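Single-letter residue listing:
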Amino acid sequence: MRLVLVGPPGAGKGTQAEIIAERLGIPKISTGDIFRANVSGGTPLGLKAKEYMDAGDLVPDEVTNDMVADRLAQDDARDGFLLDGYPRNTEQAKVLDGILKAAGTVLDTALELVASDDEVVRRLSGRRVSKSTGKVYHLEFDPPADPDSDDLFQRTDDQPETIKNRLKVYAEQTAPLVGYYEAQGKLVRIDAIGEVAEVTERALGAIGAAE
Ligand code: ADP
Ligand code: ADP
């Protein structure tokens, strides 16, 4: 299956992507994770992306599209993939359609995770990540064993001012994607509120992959 996840920052895309990709046996490709790994590694790509990420703005399309095209060209993505965090505007969606067309294939489904601003602010504010494992926790909803551990960090873009800008960027640039995929008959929308496992079942049911 070739699937993209759409939804505001904090809707639970990364959390669900991990589980759904594993259940479907397809690679999870998260552009935010790839950018963050490049920033930590101090690569040229990371240097280009960092200032945009810190501000909560989108990294320019040229940089992002090339990175995704390279990733999708890898063997493990040939028979299916789950894209998390890409596309993030209509231009990127068109580029993705072009990449797939050139490879003789098409996207199956765009899964939208719907959550209110209040809920995503709560989720982003409490998000903590383990340095050693990359696992994503939430102080209240999925608490780590030791919330004061040095192993945990808060993403720089999960600060209140940056969260505000990310929500604005989502509304202005990413939300129009929903209409783009609706027009293609590929949009599937689910409520992202509820326990993680409950949202996963809803998602699998909606994309027709329930076991
Ligand atoms: P996104 O990738 O959309 O930004 P994440 O998957 O990182 O979102 O989730 C944001 C935060 O919300 C994380 O701290 C995560 O643990 C928490 N979270 C994810 N799904 C749920 C859920 N169903 N209920 C409560 N908290 C959740
Ligand atoms: P979120 O929790 O907001 O869903 P992500 O981890 O997907 O966050 O993205 C973090 C940041 O990485 C974004 O705010 C943006 O700066 C950059 N980024 C990730 N994916 C893209 C993309 N497809 N296009 C442009 N910038 C991106």
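Quick look at the structure, then. In this text the structure is predicted, and so the values were computed from the model without any measurement.

### Focus on the sheet that holds strand S8 (residues 187-191)
Next, step 1: The strand order across the open sheet formed by five strands is S2-S3-S1-S4-S8, and the pairing between neighbours is parallel. The sheet is open, and its two edges are formed by strand S2 (28-30) and S8, each paired on a single side. The sheet shows a mean angle of 20° between the axes of neighbouring strands, taken without regard to direction.
Next, step 2: Sheet analysis places strand S1 (residues 2-6) next to strand S3 (residues 81-84), joined by four bridges and oriented parallel. By the bridge assignment for S3, Val4 is matched with Leu83.
Next, step 3: Where helix H9 (residues 196-206) meets the sheet, it contacts strand S4 (109-114) and S8, and its direction lies at approximately 155° from that of S8.

### Details of the nonpolar core
Next, step 1: Counting residues in hydrophobic clusters, the biggest one holds 23 residues, and the most contacted among them are Leu3, Ile20, Leu82, Leu111, Leu113, Ile190 and Ile207.
Next, step 2: Among the secondary structure elements, those contributing two or more residues to this core are S1, helix H1 (13-24), S4, helix H6 (117-125), helix H7 (160-174), S8 and H9.
Next, step 3: When sequence neighbours within four positions are dropped, the list of residues in contact with Ile207 reads Met1, Leu3, Leu24, Thr109 and Leu111.

### Overview of H9
Next, step 1: Regarding H9, the residues found buried are Val199, Thr200, Ala203 and Leu204. End-on view of H9: buried residues confined to an arc of 135°, all on one side of the axis.
Next, step 2: Tucked inside the fold, the buried residues of H9 contact H1, S4 and S8.
Next, step 3: Where H9 terminates, the next one or two residues include Gly208, which has phi positive at roughly 75°.

### Examining the site of ligand 1
Next, step 1: Around ligand 1 there are 17 residues in total, and Lys13, Thr15, Arg127, Tyr137 and Gly194 lie nearest to it.
Next, step 2: Here a nitrogen atom of ligand 1 sits 3.4 Å away from a polar atom, N or O, in the side chain of Arg123.
Next, step 3: A total of 570 Å² of accessible area belongs to ligand 1 in isolation, and the protein chains cover 91% of it.
Next, step 4: Mapped onto the shell around ligand 1, the elements with two or more residues apiece are H1 and strand S6 (136-138).
Next, step 5: Considered class by class, the residues forming the shell around ligand 1 number seven nonpolar, six polar and four charged.

### Considering the pattern of salt bridges
Next, step 1: All chains considered together, the criterion is met by 17 salt bridges.
Next, step 2: Ionic pairing is found between Asp158 and Arg166, a salt bridge with its closest N-O pair at 2.9 Å. Pair check on accessibility: Asp158 and Arg166 agree, each one buried.
Next, step 3: The network of salt bridges with common partners includes Arg127, Arg155, Asp157, Asp158 and Arg166.

Calculation criteria
- Throughout, a residue's number is its position along its own chain's written sequence, starting from 1.
- Whichever chain is written first becomes A and whichever ligand is written first becomes 1, with later ones labelled in order.
- Per-residue local features are limited, in this predicted model, to residues with pLDDT of at least 70; the limit for side-chain atom pairs, both in listing and counting, is 80 or more; totals at the level of whole chains, interfaces and linings are taken over all residues.
- Calculation of side-chain values draws on the structure's entire complement of heavy atoms; hydrogens and water are dropped beforehand.
- Strand pairing follows a simple DSSP-based rule, namely that at least 2 bridges must link the two strands.
- Strands are runs of DSSP state E lasting at least 2 residues, helices are runs of H or I lasting at least 4, and numbering of each runs from the N terminus.
- Only C-alpha atoms enter the line fits that serve as axes; for helices the fit covers just the stretch in contact. Angles between N-to-C directions range over 0 to 180 degrees.
- Throughout, a contact is declared for two residues whenever any of their heavy atoms are within 4.5 Å.
- We define a nonpolar core as any set of buried Ala, Val, Leu, Ile, Met, Phe, Trp, Tyr and Cys residues linked to one another through side-chain atoms lying within 4.5 Å.
- For the exposure calls, accessible area comes from a 1.4 Å probe over protein chains only, and a residue counts as buried if that area is under 20% of its type's maximum, exposed if over 50%, partly exposed in between.
- Note: the arc covers the axis-to-C-beta directions of the helix.
- Proximity is defined per residue: any heavy atom of the residue falling within 4 Å of a molecule or strand makes that residue near it.
- Side-chain atoms alone can form a polar contact between residues adjacent in sequence; in general such a contact is a pair of N or O atoms within 3.5 Å, and within protein one must be able to donate a hydrogen while the other accepts it.
- Accessible areas in this description were obtained via Shrake-Rupley with a 1.4 Å probe; residue shielding takes into account the shown protein chains only.
- By the convention adopted, Pro, Cys, Tyr, Trp, Phe, Met, Ile, Leu, Val and Ala count as nonpolar, Lys, Arg, Asp and Glu as charged, and the other residues, Gly among them, as polar.
- Think of a salt bridge as a Lys or Arg side-chain nitrogen and an Asp or Glu carboxyl oxygen that are within 4 Å of each other.

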